[in-house]
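Summary of the model geometry
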Amino acid sequence: MPDQKINILAIESSCDDTAAAVLCNGKILSNIVATQEVHQQYGGVVPELASRAHQQNIVPVIHQALAKANIVKKDVSAIAFTRGPGLMGSLLVGTSFAKSLAMGLNIPLIEVNHMQAHILAHFIEEDGYDKPEFPFLAMTISGGHTQIVKVTDYFEMEVIGETTDDAVGEAFDKSAKILGLPYPGGPLVDKYAKEGNPKAFKFPKPKVDGLNFSFSGFKTAVLYFVQRETKNDPEFIEKNLKDICASIQYTIIGILMDKLKKAVKETGINQVAIGGGVSANSGIRQALKDAEKKWGWKCYIPKFEYTTDNAAMIGIAGYHKYLKKDFADYSITAQSRYKF
Ligand code: KG4
Ligand code: ZN
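Please read all numbers here as calculations on a predicted model, not as lab measurements.

Quick notes on the UniProt feature "binding site: Fe cation" (unreviewed entry) in the protein
The sites that carry the UniProt feature "binding site: Fe cation" (unreviewed entry) are, in the present numbering, His114, His118 and Asp309. Across 196 residues of sequence, these annotated residues stay compact in space, with a maximum C-alpha separation of 8.9 Å. You can see His114 is positioned in helix H3 (residues 114–120). The residues contacting His114, other than those within four sequence positions of it, are Glu12, Ser14, Thr82, Gly84, Pro85, Asp309 and Met313. A distance of 3.3 Å separates a polar atom in the side chain of His114 from a polar atom in the side chain of Ser14. The residue His118 is located in helix H3 in this model. His118 gets classed as buried once you look at its relative accessible area, which sits at 1%. Once you skip the residues sitting within four places of it in the chain, His118 turns out to touch Thr140, Gly275, Gly276, Gly277, Thr307, Thr308, Asp309 and Met313.

Next comes the structure, spelled out in C-alpha cells:
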C-alpha cells in the first residue's frame, strides 16, 4: 500500500445508472448512484433517454460523491471512467466528462472496462469480506453479459465461456415481461420465487457446447408455456405467479451452475467469484454457498451495492491501474463493444 493518499474519483455511465464514487487507497469514501426511473414505462432501457438523463445527473452525482467523501477537487489524484462496453450515447457522457475534468485539473485519466470492473469489485477493501486469490474463476452475470472468466491477475483475464445470444439478465427480464411484471423484472422474479415451488413447472435447458450459454430459447419456452396455459385458464398467471417465478429461477440458476461446474472441472480452479446485476439474485447466492459445502469450492459473493452498476467498482479498477501508472491519453474515445 502506498504511503501517500491516492484518491480516485470514478465515473460510471455505461447503461441507465449515473454513478460516481471516491476511493482512498482502495477504500470507499462515497458511492453515489442515480438510477433512471424514466425507462420503467417503456419496459426496457431507451438509449436516447438514458444519455439525456446522464447529462442531467452527472454534475450533481459527482458533486455529491465529492461532498460525501469530504474532499475537494484538488485532492483528487486521478479520474477513472467506464470506457465500455455499454450504450454509446451513455458512455459518451461519462467519457467526455471524465476527460474534461482530468484535463482541467491536470491529473491522470484512467480508462476502465466495465466487465473487468464487475470482477474487480471483489478487491474493494471491506471489513468482513475476503478478497479472492489469483487464479480464480469469475462469472459475470448482468443485463448485457454472461461470461465465465479465468482471472490470473488484476488485468489478466481470459473469457472462457459466454452467451451466444441473450444475457442471463435478459432471460430474467423478458420472462418477467411475459408475466406482466414491470422492468427490470429480475428482482421481482427473485422476490416471488422465494415463496414458490421451484419444481412446479419444468422448462427445458438449452444444449450448448463447451462453456458457452444460450438464453433466447428459454425465453421462447416461457412465452409458449404461458400462452398455452392462459388459453386454458385466463387467470393462470395470477394463480401461479410464485410457482412460475420459482421454476424460472430454478432453471436459470441450474443452467449457470452446470457451466460453472464444468469450468471448475476443466480448469482445476475452484475459487469462484460472481459479479454483475444478477449476482444479487438469492438463488445464485444460495447455490454458491451450497457449492462450498458440497464440493469444497471457495466462493466470493459481492455485497449488494456492488452487484448492480456502480462507480465503486470502476474506482477499484482505476486504483489498481493507478498503482501500475497505467494512464490513458486525453484523446481516448468511448468503445461500446469493448473486449478484454
Ligand atoms: O449489472 P447490471 O446492473 O447492468 C448491466 O450491466 O446490465 O445488471 C442489471 C440486470 C437486470 O437484468 C436485472 O433484472 C438483473 O440484473 N437483476 C436481477 C436481480 N437484481 C438485478 N436478476 C435476478 N435477480 C435479482 N435479484
Ligand atoms: Zn454492469
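Thoughts on the sheet that holds strand E6 (residues 136–141)
With respect to topology, five strands assemble into an open sheet ordered E8-E7-E6-E9-E10, the strand pairing being mixed. Among the strands making up the open sheet, the edge pair consists of strand E8 (156–162) and strand E10 (298–300). Taken pair by pair, the neighbouring strands of this sheet meet at an average axis angle of 25°, ignoring direction. Looking at chain direction, E6 and strand E9 (residues 271–275) are connected through four bridges and run parallel. Its bridge partner being in E9, Thr140 is matched across the sheet by Gly275. Set on the sheet, helix H7 (residues 236–267) makes contact with E6, strand E7 (146–153), E8 and E9; between it and E6 the angle comes to about 160°.

Considering the pairing of E9
When you tally the buried positions in E9, you get five out of five residues, the bulk of the element. Taking every second residue as pointing to the same face, both faces of E9 are buried, with Gln271, Ala273 and Gly275 on one and Val272 and Ile274 on the other.

Definitions and cut-offs
- Residues numbered from 1 in each chain as written.
- Chains lettered and ligands numbered in written order.
- Predicted model: local features only at pLDDT ≥ 70, side-chain atom pairs only at ≥ 80, totals over all residues.
- Heavy atoms only, no water.
- UniProt positions renumbered as here; feature names shortened; annotations may be inferred.
- Helix = DSSP H or I, 4+ residues; strand = E, 2+ residues; numbered from the N terminus.
- Contact = heavy atoms within 4.5 Å.
- Polar contact = N/O pair within 3.5 Å; in protein donor to acceptor, adjacent residues only side chain to side chain.
- Buried < 20%, exposed > 50% of the residue type's maximum accessible area, 1.4 Å probe, protein only.
- Pairing = 2+ DSSP bridges.
- Axes fitted to C-alpha atoms, helices over the stretch in contact; angles between N-to-C directions.

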